[in-house]
Amino acid sequence: MKIYKIVHPDFKELVDVHVQPELIQDGFEFTEGPVWHARDHCLYFSDIPADTLYRFTEKSGVEVVYHPSGYSNGLTLDSHGDIIACEHRTRAITRYSSTGKHILASTYQGKKLNSPNDLVISKDGTLYFTDPIYGLREGNGGPAEPELNFQGLYSYRNGWSEPYLESRELERPNGVAFSSNPHILYAIDTVKQQVLIFDIDENGHLSGKRVWLELWGAGESRPDGMKFDAQDNLFCTGPQGIWVFRLNGELLGKIKLPLKTANLAFGGEDRKSLFITSSHSLYRLRLKTMGFTPLDLY
């Protein structure tokens with residue numbers, strides 16, 4: 001299989017097309033939610049159907065950190081370095097700290113959330129998370145029935161009694177990300193195969209939803225997770241692997257992988273390793289460009 005598709009010559013400034021993705025480990029059920037912990041020098045990631053949260057280090061390889069994990073999916077870190085997780089089984093956003101696991105948000109207007117999927121944290125500590133129905137399915141945290149008649153995009157801050165509904169207009173909200181611009185949030189609508197843009201106002205709330213990109217291609221895979229590098233180039237999962245775009249929306253190229261690719265995260269000591277969760281596997285790809293990790297915000 002040919003790994004790289006070069007659409008624009010600038011793709012080779014970001015990706016070394018002579019380097020192949022390194023398989024760290026396979027044999028998982030379905031990997032998701034990678035996040036690099038800059039203080040612990042490790043990668044955390046989820047295996048949703050296995051109900052397990054893992055850690056990868058160069059010294060010890062892949063180890064189980066939490067089992068059960070609430071069928072965790074997306075992961076991020078707060079300013080203390082605590083893991084913040086989207087959990088399907090608990091239908092909640094949770095924090096793992098030295099005193100155990102604590103539920104931050106699990107209901108909206110007295111009704112259970114669907115199944116929090118992905119999340120991102122701003123420099124001021126505001127969480128933005130998506131809540132589609134994927135985790136209500138048997139094997140992904142369910143079976144369970146939805147109590148809400150929509151699939152929302154929410155914000156949440158410490159101390160709030162419940163999350164704030166920012167948008168109910170996405171058909172299947174999924175990945176969320178920040179570029180270097182703190183006044184814009186990017187969100188994926190997987191069914192529509194779109195990356196959307198929202199403006200963030202001075203109170204942290206979203207408005208001005210508009211379509212930025214559409215990712216249509218061969219195969220069953222659809223856009224799921226995404227990250228920006230330090231130059232505001234977008235690395236977004238999509239049909240056949242990972243699509244790389246300039247901030248102006250120009251497609252630079254693709255990194256093709258054999259199985260459905262759900263998510264990715266920059267990491268390593270130099271932030272030039274792209275960790276990729278792709279179905280049964282965890283990969284690492286060394287890049288020319290570098291990215292950011294949650295703790296780099298602080």
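Bear in mind the structure is a predicted one, so any value in this text is a computation, not a measurement.

S.K.: Please explain the pattern of salt bridges as it appears in this structure.
M.R.: Summed over all chains, the structure comprises eleven salt bridges. Between D124 and R157 there is a salt bridge; the shortest N-O distance is 4.0 Å. Linking D124 in the loop between β13 (119–121) and β14 (127–131) with R157 in the loop between β15 (152–156) and β16 (164–167), this pair joins segments that are 33 residues apart in sequence. Overall, the relative accessible area of 59% leaves D124 in the exposed class. Given the relative accessible area of 25%, R157 is considered partly exposed.

S.K.: Just checking my understanding: could you explain the sheet that holds β15 for this structure?
M.R.: The strands making up a sheet are joined through hydrogen bonds of the backbone, oriented either antiparallel or parallel. Strands sit in the order β13-β14-β15-β16 across an open sheet of four strands; the sheet is antiparallel. Only two strands of the sheet have a single neighbouring strand rather than two, namely β13 and β16. For this sheet, the mean inter-axis angle between neighbouring strands, taken without regard to orientation, is 25°. As paired elements, β14 and β15 share five bridges and run antiparallel to each other. Each residue of the ladder has a partner; that of Y128, found in β15, is S155.

S.K.: Even after reading the chapter, I still don't get the pairing of strand β24 (residues 251–256), so can you show me in this structure?
M.R.: Taken residue by residue, a regular strand's side chains alternate between the two faces of the sheet. Here three bridges tie strand β1 (residues 4–6) to β24, and the two strands are oriented antiparallel to one another. Following the sheet pairing, Y4 is matched in β24 by I255. In terms of strand pairing, strand β23 (residues 241–245) meets β24 through five bridges, oriented antiparallel. Across the sheet, G241 pairs through a bridge with K256, a residue of β24. Between β23 and β24, which pair antiparallel in sequence order, lie five residues; one of them, G249, sits at a positive phi of approximately 90°.

S.K.: It is not clear to me how the side chain of R91 should be interpreted in this structure. Could you clarify?
M.R.: If you trace the backbone, R91 turns up in the loop between β8 (83–87) and β9 (92–97). At 2.9 Å, the side chain of R91 forms a polar contact with the backbone oxygen of L113. Ignoring sequence-local partners within four residues, the contact set of R91 consists of A105, S106, K112, L113, N114, P116, L136, A144, E145, P146 and E147.

S.K.: Could you clarify how one ought to interpret the layout of surface pockets in this entry?
M.R.: Over the atoms, a rolled probe matching the size of one water molecule traces out where space is still vacant. The computed volume of the largest pocket comes to approximately 800 Å³. Contributing to the lining of the largest pocket are 41 residues, with V120, I121, F178, S179 and L297 lying nearest its centre. Within the residue set of the lining of the largest pocket, elements represented by two or more residues are β3 (31–37), β7 (72–77), β13, β17 (173–177), β21 (226–228) and β25 (263–267). Element by element, the count of residues in the lining of the largest pocket is highest for β3, at four residues. Here the residues of the lining of the largest pocket are counted per class, giving 19 nonpolar, twelve polar and ten charged. Taken together, the residues of the lining of the second largest pocket break down into six nonpolar, six polar and seven charged.

What counts and how
- Residues numbered from 1 in each chain as written.
- Predicted model: local features only at pLDDT ≥ 70, side-chain atom pairs only at ≥ 80, totals over all residues.
- Heavy atoms only, no water.
- Salt bridge = Lys/Arg side-chain N within 4 Å of Asp/Glu carboxyl O.
- Helix = DSSP H or I, 4+ residues; strand = E, 2+ residues; numbered from the N terminus.
- Buried < 20%, exposed > 50% of the residue type's maximum accessible area, 1.4 Å probe, protein only.
- Pairing = 2+ DSSP bridges.
- Axes fitted to C-alpha atoms, helices over the stretch in contact; angles between N-to-C directions.
- Polar contact = N/O pair within 3.5 Å; in protein donor to acceptor, adjacent residues only side chain to side chain.
- Contact = heavy atoms within 4.5 Å.
- 1 Å grid on protein atoms, 1.4 Å probe; cavity = no way out; pocket = protein on both sides within 12 Å on 5 of 7 lines; lining within 4 Å.
- Points joined across faces, edges and corners; volume = space filled by probe spheres on them.
- Nonpolar A, V, L, I, M, F, W, Y, C, P; charged D, E, K, R; others polar.

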